[in-house]
Amino acid sequence: MAAAGSPRIDAYAVLSDAPPTDRVAIAAELALSDRDPPLDCPAYRAALRKAVSEEPPPFSTEAYAKIYRDSSVSGKWLAISLISNAQREGQGAGDLWTLAACADNEAERQLIKRHAVDESRHARLYLALLDLAFPDAVDPAFRKELDVVSPGFTMAQEPSVVVGSPYATRPTIDLYVQMNIAEIRTTIHHLLQRAALALHCPAANLPRATKVLDSLFRDELSHVSYTAELIETKATAAGPGGLDGLYRRRLADFNRITNDEFGMTIHD
Amino acid sequence: MSSHKHPDPVVADAITKLEDEGRKVQIIGQIKNGKIEIDPSDLADLAAKHPNLVFLAMNSPFDPVVPGSD
């Protein structure tokens, strides 16, 4: 949220105008400044900037954006990508629900629970984007089945351990760093998705699709900022190498995961 | 659909093809044991033309916790 009385920054415009290589740091800055009052988080900011400089993320390159642009001219590719993202959001919601159930600090428990509820809703929002961009494209019986990808978590429910989730553990700064990095990549994906959906979405549905995308984008920034705040609070618990070392190590891990997903090293 | 020509020739050609095809997309699949299964012929066709069906949203930690390591 923007500070009272100050104009709200158009975070989407700022991030999409930024050079791809600057987007990780800028997404984090926008997330921190989007809170009321804005967050400072000096240790987090320094660790992130150092890590990005030493381990440049492949998902923050022009090459990565170009692969997405080239692939997403295929409507079928984009439709299946939306379905896959819905499923992934639903699975992630379950992991967060599990993590919330294991938190021994009530404030953290509520924050992670809110995050899980958001991601559960995001699974449905990806399907809403599918319906808006590709009306009638999905076999009706299959489309009805797809609704199960959202676990349907609500704030009225009590978090519990989801069978099969590997995150039945007390949340640590390490897990918050991983979540923060992953959420920044997802924020960047929303820039790519918006441009692609504009190519395929029928004009009459585009305003509604844009509202869904706005909602997803705002939530991602909120998830980046709350994990940044927790990371800052727990910075002294980062272990050997401190927060700088932990953030750098986890960014390197996530860069490897990203490159492995593509079966190649992505760089400009 | 964009009315101006895309600066990337590969993308521009694909958009033209998309327009020629009448923007038709058909997806067939099922949910089996809780997992989405897209029709294999759809996927095979897609994988041949666009091998990078990734770009997945990530929101939870990415390094699974080994029981007993906490």
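Located above this text is the structure these notes cover.
Here the structure is a predicted model, which means the values were calculated and not measured.

Caption draft 1: How the structure looks around the overall build of chain A. Along chain A, the regular secondary structure elements total 10 helices and 0 strands. Based on the C-alpha atoms only, the size of chain A along its principal axes is roughly 55 × 45 × 45 Å. Every one of the 268 residues in chain A was classed for burial, and the buried ones make up 51%. Taking the contacts inside chain A whose residues are at least 6 apart along the sequence as the reference set, 83% of them involve residues at least 24 apart.

Caption draft 2: Representation of helix 5 (residues 75-102) of chain A within the structure. Compared with the 40 Å implied by 1.5 Å per residue over 28 residues, the 41 Å span of helix 5 of chain A between its first and last C-alpha is a close match. The buried fraction of helix 5 of chain A is high, at 25 of 28 residues.

Caption draft 3: Quick peek at the pairing of strand 1 (residues 29-32) of chain B. Here 4 bridges tie strand 1 of chain B to strand 2 (residues 35-38) of chain B, and the two strands are oriented antiparallel to one another. By the bridge assignment for strand 2 of chain B, Gln 30 of chain B is matched with Glu 37 of chain B.

Caption draft 4: Structural context of the nonpolar core. All names here are of chain A. Residues Ala 27, Ala 28, Ala 79, Leu 129 and Leu 130 are the most contacted members of the largest nonpolar core, which totals 88 residues. With 14 residues, the single largest contributor to this core is helix 8 (residues 173-200). Sequence-distant contacts of Leu 130, that is, excluding residues within four places in its chain, are made with Ala 79, Leu 82, Ile 83 and Val 138.

Caption draft 5: Examining unusual backbone geometry more closely. Residues and elements named next belong to chain A. Omega for the peptide link from Asp 36 to Pro 37 comes to 0 degrees, which places this bond in the cis form. Turning to its location among the elements, Pro 37 is positioned in the loop between helix 2 (23-33) and helix 3 (42-54). Look at Cys 41: it is not a glycine, yet its phi comes out positive at around 50 degrees. Position of Cys 41 among the secondary structure elements: in the loop between helix 2 and helix 3. Even without a glycine there, the phi angle at Asp 136 is positive, about 65 degrees. In this fold, Asp 136 is placed in the loop between helix 6 (106-133) and helix 7 (140-146). Judged by local crowding, Asp 136 falls into the exposed class, with 11 C-beta atoms found within 10 Å.

Definitions and limits used
- Residues numbered from 1 in each chain as written.
- Chains lettered and ligands numbered in written order.
- Predicted model: local features only at pLDDT ≥ 70, side-chain atom pairs only at ≥ 80, totals over all residues.
- Helix = DSSP H or I, 4+ residues; strand = E, 2+ residues; numbered from the N terminus.
- Buried ≥ 20, exposed ≤ 12 C-beta atoms within 10 Å, placed from the backbone.
- Contact = placed C-beta atoms within 7 Å.
- Expected span 1.5 Å × (residues − 1).
- Pairing = 2+ DSSP bridges.
- Core = buried A, V, L, I, M, F, W, Y, C linked by C-beta atoms within 7 Å.

By themselves, these are just geometric observations and shouldn't be taken as functional.
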